[in-house]
Each structure stands twice: as structure tokens, then as C-alpha cells.
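Descriptive structure summary
Letter by letter, the chains look like this.
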Amino acid sequence: MKRIRKSFILSLCAMIFVTAGCTKPDVSSAPYKIYYLNAEQTGLVEEAYTGETEDAEKGVEEILKCLQKGTDKIEEQSVIPEEVEILKYHLQDEKLILYFDEDYLKMDMVQEVLCRAALVRSLTQLDGVKLVAFYVNDEPLKNRDGKEYGYFQTDDFVQNTGASINSYEETELKLYFANEKGDKLAVESVIVQHDSNLALEKAIVEQLMRGPSDSKFQRTIPKETRLLGVSIKDGICYLNFDENLKNIVPGVTPEVVIYSIVNSVMESTSVSWVQISINGEKNIMFQESVDLSEALTRNYKLIEE
């Protein structure tokens, strides 16, 4: 664990800017970037980073200091308010947890979303940091419904600015759960409000994890399962779950479990394939029935007529 104290932030950041290089003239060609607030405090701007990247622990510490200080440019302000303190951080197995004091909760919604997005985008560029979680003191950060956010990665954030950051969208989703026998997929339409700053694919899976409203249907994802990450690239949605996905849902076939996820994500988004992994591992024969080593597309044969 590391402790970041404000008493020596300024002196250390000054040294970092000289020796490590938080800034660089050509941002477009820089392999790493740090994200700051724009002058209007409605969006993020990029600045090149040329400091420590080989050692993840040192890289995290340096980037946090740069993010706290900002730059001398008016259009590149610190994303972390002066009164908000980073108490410590913990990095293990490529998962980074940031611990803030209670002043973190005093930020308005726009400021907090931008702060969170800037931290995640900046830090996950480091080798050794794939996911970032936020805690206030020792409690995980929660959304307005009281649900823990869990871990974030870069693709979780939509690049919204201004008033749109403060918005929630109402969307009708078609979710596929198990039928009464557990051998077919049954569709349930739900209207959900989701954060417009987070990927719709994530909202779909989280809603699927809550289970069906209709008592005739069965849940397909074990209750203890956590979604570790969601990313979209080249038409493929990559979903990373923890090991609890392997648990057997009584009465539900393995094919129905996997294709409830695949069909649900593809039904309401534009992705063409879904790649499922468990703790980052995709070379898995799920319950000895479904090969997860390759991306999957929707299965119409399993849908109950």
C-alpha cells in the first residue's frame, strides 16, 4: 500500500515534470497520455506522459501526482479537487484500488464522472494495470441506486461532455433468461435507466445478472458472479467475469447460461461477436459443453418458440 500526502505533492510533482516528463510537445505520437480537465471543466484533454511506465507501482504513483497537480496551462486543470485526498492505493493482479477521503463524495456529478474517467484512462495505459476501483475511506464507491460500481476500464466510459455527463437514458432491453425447464432461452423485455456515460453492453449484463422479473423464467448467471470488465473493439464485445460464473445454476444447461449473455448483448447493441472470459482466461470449455476460446455469435436455435 502507498500513501499519497498533499504536503509533498508540489515538490515531487515539480521533480517529475523535470525528470520524468508529464508533458511532451507532440501528444498525438506519445505512447502514453494523461487526461486533464479542459478550461470549461466539461470534458477531458490529453497531455503526453513520458515518465515511469516499466514499473507499474512507480507508474501509478507518478501519474497520480501529475493528475493531482495538473499543468501550468489553463486548459489542463487537475481532475482531482484540491480538497480531495488520495489516502492510499493498492495494486495486485493488475487490479488497482484507489482510496479517497470523504471529500470525494462532495464533488458534483459532472466533476466526479470526469475525475473517474480521467483516472481510469490515464492509469490503465500502464502495463500491470487493467482495472481500477474507487473507494471512499474503506467503502466501495456506489451509484445513485446504491449499487457498487466495481472495477472500471477505459472502454467503460463514453466520451460525453457538458450536460450529457449528468444524464441517464431510458432504454428498452430484450434480455434472454432460461425458460421453466432450463433448456431454452426465453425473452423478457425490460425498460431500464442507465448511466449515459457507461457502455450499454455493461448495463445489459448487469441487468441480466439481476435475474428475471417473470417468475416463469430462471436466472442464468449465478448470484455471486461479478463482472470484472467490458470492452468493445472491432465489433467484438469482450466480457470478463470472475470465477463464480463457473458455478452451476440448478436446472439450467451450460449452453443456455452462455447464450443468454451472448444473445442479450447482441440484441440491443451493434456488436457482431461476444468473447467471454473468466478471470481473463478464455481458453475454457465451460462446464465441459461450451468452448469459450473463440468469440461467439447469437444462437437462434436455443430461443423458445
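So, how was this worked out
Residues numbered from 1 in each chain as written. Predicted model: local features only at pLDDT ≥ 70, side-chain atom pairs only at ≥ 80, totals over all residues. Heavy atoms only, no water. Phe/Tyr/Trp six-rings, centres within 6.5 Å; stacked < 30°, edge-to-face > 60°. Buried < 20%, exposed > 50% of the residue type's maximum accessible area, 1.4 Å probe, protein only. Pairing = 2+ DSSP bridges. Helix = DSSP H or I, 4+ residues; strand = E, 2+ residues; numbered from the N terminus. Contact = heavy atoms within 4.5 Å. Axes fitted to C-alpha atoms, helices over the stretch in contact; angles between N-to-C directions. Salt bridge = Lys/Arg side-chain N within 4 Å of Asp/Glu carboxyl O. pLDDT = per-residue confidence, 0-100. Core = buried A, V, L, I, M, F, W, Y, C linked by side-chain atoms within 4.5 Å.

What follows concerns the packing of aromatic side chains. For the structure on display, the rule yields six aromatic pairs. An angle of 45° between the planes, with centres 5.4 Å apart, marks the rings of Y149 and F152 as tilted. A single burial state applies to Y149 and to F152, both of which are buried. Grouped by ring-pair contacts, the aromatic residues F100, Y104, F134, Y149 and F152 constitute a single cluster.

Spatial strand order, β3-β4-β5-β6: four strands in an open sheet with mixed pairing. Taken across any chain shown, the strands that pair with only one partner, and hence form the sheet edges, are β3 (86–92) and β6 (139–140). Direction of pairing for strand β4 (residues 95–100) relative to strand β5 (residues 131–136): parallel, over a ladder of six bridges. From the neighbouring strand, Y99 faces β5, where its bridge partner is Y135. Across the face of the sheet, helix α2 (residues 56–69) comes into contact with β3 and β4 while running at roughly 150° to β3. On top of the sheet, helix α3 (residues 109–123) reaches β4 and β5; it is set at about 140° to β5, its chief contact.

As a further point, take the environment of E224. Its place among the elements puts E224 in the loop between α4 (200–210) and β9 (227–233). In this structure, the C-alpha to C-alpha distance between E224 and N247, residues 23 residues apart in sequence, is 9.0 Å. Setting aside residues no more than four positions away along its own chain, E224 makes contact with D242, N244 and N247.

Moving on, we come to the sheet that holds strand β11 (residues 273–278). Pairing is mixed across the open sheet formed by three strands, whose spatial order is β9-β10-β11. Each end of this open sheet is capped by a strand with a single partner; those strands are β9 and β11. Recorded for the sheet is a direction-independent mean angle of 15° between the axes of neighbouring strands. Where β9 and strand β10 (residues 236–241) come together, six bridges link them in antiparallel fashion. When the sheet's bridge partners are listed, K233 is paired in β10 with I236. Most of the contacts of α4 go to β9, to which it runs at about 145°, and overall it touches β9 and β10. This element, helix α5 (residues 254–268), spans β10 and β11 of the sheet and lies at about 140° to β11.

On to the pattern of salt bridges. Applying the stated criterion to the full structure yields six salt bridges. Between D138 and K88 there is a salt bridge, with the nearest N and O atoms lying 3.9 Å from each other. Remark: K88 occurs in strand β3 and D138 occurs in the loop between β5 and β6; sequence separation between them is 50 residues. The class for D138 is exposed, based on a relative accessible area of 55%.

Of the residues in the protein, 83% have a pLDDT of 70 or more, and the chain-wide mean is 83. Across residues 1–20, confidence stays below pLDDT 50; counting only partners more than four residues off in sequence or on other chains, it has 45 contacts. Taken as a whole, residues 160–166 scores under 50 in pLDDT and shows 18 contacts with residues more than four places along the chain or in a different chain.

All right, on to the pairing of β10 then. In terms of burial, β10 is largely enclosed, as five of its six residues are buried. Where β10 meets β11, six bridges bridge the pair, whose relative direction is parallel. Its bridge partner being in β11, Y238 is matched across the sheet by Q275.

In this structure, L239 and I276 are the most contacted members of the largest nonpolar core, which totals 41 residues. Elements with a contribution of two residues or more to this core: β7 (168–178), β8 (185–195), α4, β9, β10, α5 and β11. For this core, the element with the highest residue contribution is α5, accounting for eight residues. Those residues in contact with I276 that sit more than four places away from it in its chain are L239, F241, L245, I258, I261, V262, K282 and L292. Core analysis: the next-biggest nonpolar cluster, separate from the first, contains 39 residues, I34, V120, L123 and L198 among them.

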